[in-house]
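Close look at the chain arrangement
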Amino acid sequence: MNRRQFLASTSAITLAAGLGLGAGQSARAAESEAVLVLSSSEVGAPNQDPIRASLLNTAAYLIYDRLVEQDVDQSYHPHLAESWETSADGMSWTFKLRQGVRFHDGEPFNAATVTWWIAKYRGSVNDYLTDAIDHAEAVDEHTVRFVMKRAEPNLIYNLASSFMGIPSPKSYDAAGDSYGVNEAIGTGPYKLESLVVGQETVLVANEDYAWGSDLSENKGAPYIKRLSLREIPDASTAFLELKTGGVGMLLGVPDEFLPQMQADKNIGFRSLPGFGVTYLMFNSKSEPFSDMALRQATALAIDQSAILKSVFSGVGLEAHQFLISSLAESKVEPKFEIRYDIAKANELLDKAGWARGSDGIRAKDGKALKIKLSTQSETEFRRTGEIVQAQLKALGMDVEIVTFDSSTIRDHLKKGEHQLAVRHYDWNNADILDWFYSSKNIPYPNSTMWDDPKSQELHDIAMHQSKTGDERVANFLHYHERLLSQFAFVPVHEPLQNVAFNNTLLEVPEKVRGPQLTQPTFVDMKTVA
Amino acid sequence: MLAFTLKRLLLLLPVFFVVSLVVFLIIHLVPGDPIDNLLRPGASPAQRLQIAAKYGLDRGLAEQYFVWMGRLLTGDLGTSIVQGRPVSALIAQNLPYSLQLGAAALLFSALVGIVAGVVAASFQGTRLDDGITGVILLGSTVPSFFLGLLLILVFAVWLGWVPISGARGWSSLILPVLATGLGGIALVARVTRIAMVETARQDFVMLLHAKGLSPLVIQLRHVLRHAMVPVVTILSLRIGWILGGTVTVEYVFARPGLGSLLIRALNQRDYPLVQGCLLMLAMAVILGTLMGDVVQAAMDPRQREARS
């Protein structure tokens, strides 16, 4: 091949590749279209199959409807189930189903759909959502009863999950393993047009929709006719897209960009209560945090208000207990709340025999109080770690920070190599306590290695012996208070969920309904005329 | 020439085995595993075991390697743990985007680099030469992700000429091509300049000058032709490098491609997908090198004789 041929072939490759890719781009309808950026936690969702997926994105809330919807105050509201009742012993649940509902493929939604659907979860990765149900039976065309294996008041929470969207049995069974990638058929206000994993999910309005939930003003077809949900992993790029109107909304706003966004008059905000808590995790199996006095002193030396101010620019709430503040189980007795009290923290360590050396660092039996703080490389984790380091220095603790990426830190925790770690969870249910503190979950996710018989007894009552919702709240409160009394963790911060939108493009209802920005609000959103 | 190429291809086999072993070990020895990414609060430890068994992650590392290798030899790259789809299908879906970006960036750096090199060589020792050398040196030292953000700010945010991110037609290719290709310009320009200067000193060029040919004709028709041998070699070598270089650029511009796929797979510790992507990138580098050798041998028979 000579020089000319070589250069010609390179150009040909470029041109061919470009034409091949360019041909698929269709002109977008300018009318009533919105482009949104998904939050980073939803990036890479591989399909829209609620039964078999372990990660879904916001599209799942729009393609599918659920039996019930949860509101921002964690209350439950009818949707495909018009009403429901539970037997006194909690062993059966009866749902009256909404009539006249049809799937995107024209199939009717009825009691037979629900019995088929519940059975589908058996053996799937989401089996846990329905494992308290023995079976579902159709009472009549529009009434279905769940016969329970055990009482489970938390079933109502599971039913409102995005993983309990109801797909069309006919399409689901016909598509087999490929369901959810090229085709996803629900009864929801939007239909799936295309899904490119890691790039974009495109939805179009379901014009036949007429069964909007109690939480939406609009009960019919959505106002925005076409929705593109884009995945932009780099926060700076996403921010610039919003600023220049390339996209209409960011479903997750990194705290570090808030001040810049607030200064822009074209950017509007909706803030929802927190969906998770940032906290410090101890390793209670190894020294020095196997000693409760050390855990308590550390907890009392953390000043949540300083962290809120310096790391999170004052956005969000100070956390003084483990659960998000909209949950009833977070309302522990004030005496159990963990609050900054450096005098008491110092007193505890003095009493325990940890004397300060000339460098201000405490020591006992010739051993200096040196600990390793494990944190993640993301800005908010790293900065929280730095402030914690400074605050613990005031207590006489010499803290060295070790930084990991989000996957590596899990491995580190599993091996029990940590002493203290900055952690964050996102979950709006009190059973997160089971996940992190049940002795059955040692070494991961219970990397606190929490193994306290009294806690476990209260855990078992809360998780398995609660018959009604109220009973469950009371039982979880006891369990939660026990963990607080033992200083099993240090609560630090409860971030708000911030949604930012370009107000020259989108109109967003003042009040967002639902624990996150999902279907009830999406169907009420409009494009700016 | 055919024998030379075949011999080179045969040499690739042991290289392929070594690369496959390294690729496999790299991701398996990194802490973290895909199961944690598949489980959410609420899932049970039994489900962990179920997933591990399903993807063979409960077997020993050596056994996992041989199973993977066995499949690889039949052309099966395995199934993505997170996406549940064949790795080869995912790569096939994303590779064209990276090839498009890579080829355009290569072409861009080749054209600009060669022109800059020729101009610098033609005005050797002048301020123009110093200026070109300085600018391209500066350009080559800026990391591509930073350059990417800088380009976004200037051309997309301030001037509003091109889209910021995504892959929607030709206009969204411009900034990623600039970010990927700018670094290569310096290299191509430097090699072109040196080769031009050295060729210009050779006897046959003196002869051409003595014959009274115009300096421009000598420079473009004769000197440039000879100077192209090392330039084409460098460009061939850059094929693999440039595909690897698209990783960060694709991330910044939220562009589909092998790089975006790899970063996502790495974050999710999706072993088969990471292995597939890394193998593709490694093979691109190896094949680029082979192509460099072959092209060089084709253009300069002395090389072929010396190395066969």
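This one's a predicted model, so the numbers in the text were calculated from it and none came from an experiment. (Residues numbered from 1 in each chain as written. Chains lettered and ligands numbered in written order. Predicted model: local features only at pLDDT ≥ 70, side-chain atom pairs only at ≥ 80, totals over all residues. Heavy atoms only, no water.)

1. A look at the overall build of chain B
A count of helices and strands for chain B gives 13 helices and zero strands. In sequence order, chain B lays out its α and β elements as α-α-α-α-α-α-α-α-α-α-α-α-α. Taken over the C-alpha atoms alone, chain B extends approximately 85 × 55 × 30 Å along its principal axes. Considering chain B as a whole, with its 308 residues, one finds that 49% of them fall into the buried category. Sequence-distant contacts, at least 24 apart, represent 75% of the contacts inside chain B between residues at least 6 apart. A total of about 14300 Å² of accessible surface is found on chain B, and carbon and sulfur atoms cover 70% of it. Seen as two clouds, the 23 positive and the 14 negative side-chain charges of chain B have centres 6 Å apart. (Helix = DSSP H or I, 4+ residues; strand = E, 2+ residues; numbered from the N terminus. Buried < 20%, exposed > 50% of the residue type's maximum accessible area, 1.4 Å probe, protein only. Contact = heavy atoms within 4.5 Å. Areas by Shrake-Rupley, 256 points an atom, 1.4 Å probe, with all protein chains shown as cover. Lys, Arg positive; Asp, Glu negative; His and termini not counted. Charge placed at Lys NZ, Arg CZ, Asp CG, Glu CD.)

2. Comments concerning the overall build of chain A
Scanning chain A from terminus to terminus reveals 16 helices and 24 strands. Structurally, chain A occupies a C-alpha span of about 80 × 75 × 50 Å along its principal axes. Within chain A, the proportion of its 529 residues that are buried is 59%. Long-range contacts, defined as pairs at least 24 residues apart, comprise 69% of the intrachain contacts of chain A with a sequence gap of at least 6. Split by element, the accessible area of chain A, about 20300 Å² in all, is 50% carbon and sulfur.

3. As for the environment of I442 of chain A
Residue and element names in this part refer to chain A. Among the secondary structure elements, I442 is positioned in the loop between α13 (432-437) and α14 (453-464). Considering only alpha carbons, one finds I442 and G416, 26 residues apart in sequence, at a separation of 9.7 Å. Apart from the residues within four sequence positions on either side, I442 is in contact with K285, M449, W450 and D451.

4. Some thoughts on the UniProt feature "domain: Solute-binding protein family" (unreviewed entry) in chain A
Mapped onto this numbering, the UniProt entry gives "domain: Solute-binding protein family" (unreviewed entry) at residues 76-437 of chain A. Structurally, residues 76-437 of chain A is divided into 27% helix and 25% strand, and its ends, taken at the C-alpha atoms, are 27 Å apart. (UniProt positions renumbered as here; feature names shortened; annotations may be inferred.)

5. Section: the interface of chain A and chain B
Many structure descriptions define interface size as the accessible area lost when the parts assemble. Counting residues at the interface gives 54 residues for chain A and 52 residues for chain B. Summing both sides of the interface, chain A and chain B together bury roughly 4600 Å²; the carbon and sulfur share of this comes to 59%. The tally of links from chain A across to chain B stands at one salt bridge. The shortest N-O distance in the salt bridge between D405 of chain A and R269 of chain B comes to 3.4 Å. (Buried area = accessible area lost by both parts, 1.4 Å probe. Salt bridge = Lys/Arg side-chain N within 4 Å of Asp/Glu carboxyl O.)

6. Considerations on the UniProt feature "transmembrane region" (unreviewed entry) in chain B
Residues and elements named next belong to chain B. The positions UniProt marks with the feature "transmembrane region" (unreviewed entry) are residues 9-30, 103-123, 135-161, 173-192, 227-253 and 273-295. Within the segment residues 9-30, helix and strand shares are 95% and 0% respectively, and the terminal C-alpha atoms sit 32 Å apart. For residues 273-295, the helix share is 100%, the strand share is 0%, and the end-to-end C-alpha distance is 32 Å.

7. Focus on a nonpolar patch on the surface
All names here are of chain B. Together, L10, L13, F17 and L73 give the surface a local cluster of nonpolar side chains, amounting to about 420 Å² of exposed area. Per-element accounting of the nonpolar patch gives the leading share, three residues, to helix α1 (residues 2-29). Examined against the element boundaries, L10 turns out to sit in helix α1. Since its relative accessible area comes to 59%, L10 is described here as exposed. (Patch = residues over 30% accessible without salt bridge, like charges linked within 9 Å, V, L, I, M, F, W, Y side chains within 5 Å.)

8. Quick word on the sheet that holds strand β17 (residues 367-368) of chain A
All names here are of chain A. What the three strands build is an open sheet, ordered β15-β16-β17; its pairing is antiparallel. In the strand order of this sheet, the two ends are held by β15 (355-356) and β17, each with one partner. Sheet analysis places strand β16 (residues 362-364) next to β17, joined by two bridges and oriented antiparallel. Each bridged residue has a counterpart across the sheet, and for K364 the counterpart in β17 is K367. (Pairing = 2+ DSSP bridges.)

9. Concerning the environment of D89 of chain A
Residues and elements named next belong to chain A. Looking at the secondary structure, you find D89 in the loop between β4 (81-86) and β5 (92-97). Expressed as a C-alpha distance, the spacing of D89 and A151, which sit 62 residues apart in the sequence, is 7.1 Å. Dropping the residues within four chain positions of it, D89 is found in contact with A151 and K467. There is a polar contact of 2.9 Å between the side chain of D89 and the backbone nitrogen of M91. (Polar contact = N/O pair within 3.5 Å; in protein donor to acceptor, adjacent residues only side chain to side chain.)

10. With respect to the pattern of salt bridges
Residue and element names in this part refer to chain A. In this structure the tally under the stated criterion is 24 salt bridges over all chains. Salt-bridge contacts for E510 lead to R270; the nearest nitrogen and oxygen are separated by 3.5 Å. One end of the pair, E510, is in the loop between β23 (506-507) and α16 (519-522); the other, R270, is in strand β12 (residues 267-272), and 240 residues separate them in sequence. Look at E510 and you get exposed, because its relative accessible area is 69%.

11. Considering the confidence of the model for chain B
In this model, chain B carries a mean pLDDT of 82, and residues with pLDDT of at least 70 account for 94%. Mean pLDDT values over the elements of chain B span from 59, in helix α13 (residues 301-307) of chain B, up to 88, in helix α5 (residues 87-122) of chain B. (pLDDT = per-residue confidence, 0-100.)

12. Observations concerning the packing of α14 of chain A against helix α15 (residues 469-485) of chain A
Residue and element names in this part refer to chain A. Running from N to C, α14 and α15 point in directions that differ by 160 degrees, and their axes come no closer than 8 Å. One element, α14, and the other, α15, form an angle in the roughly antiparallel class. For the pair α14 and α15, the crossing hand works out as left-handed. Contacts between α14 and α15 pair K454, S455, L458, H459, I461, A462 and M463 from the former with R472, N475, F476, H478, Y479, R482 and L483 from the latter. Here the contact of α14 with α15 is built from residues that sort into seven nonpolar, four polar and three charged. (Axes fitted to C-alpha atoms, helices over the stretch in contact; angles between N-to-C directions. Parallel < 35°, antiparallel > 145°, perpendicular 65-115°, else oblique. Left-handed = near helix turned anticlockwise from the far one by under 90°. Nonpolar A, V, L, I, M, F, W, Y, C, P; charged D, E, K, R; others polar.)

13. Considerations on empty space enclosed by the protein
Going through the model one piece at a time under the given rule, you end up with five cavities of 30 Å³ or more. A volume near 50 Å³ is recorded for the second largest cavity. In terms of lining, the second largest cavity is formed by V196, V197 and Q199 of chain A together with Q83, L90, Q93, N94, P256, L261 and R264 of chain B. At the level of secondary structure, the elements contributing two or more residues to the lining of the second largest cavity comprise α5 and α11 (258-267) of chain B. (1 Å grid on protein atoms, 1.4 Å probe; cavity = no way out; pocket = protein on both sides within 12 Å on 5 of 7 lines; lining within 4 Å. Points joined across faces, edges and corners; volume = space filled by probe spheres on them.)

14. A look at the UniProt feature "domain: ABC transmembrane type-1" (unreviewed entry) in chain B
Taking the UniProt record as the reference, the feature "domain: ABC transmembrane type-1" (unreviewed entry) is found at residues 95-292 of chain B. For residues 95-292 of chain B, the helix share is 84%, the strand share is 0%, and the end-to-end C-alpha distance is 21 Å.

15. Looking at the environment of E380 of chain A
Residues and elements named next belong to chain A. Inspection of the secondary structure assignment puts E380 in helix α11 (residues 379-395). We classify E380 as partly exposed; its relative accessible area is 34%. Separated by 76 residues in sequence, E380 and Q304 have C-alpha atoms that sit 14 Å apart. Those residues in contact with E380 that sit more than four places away from it in its chain are V311 and F312.

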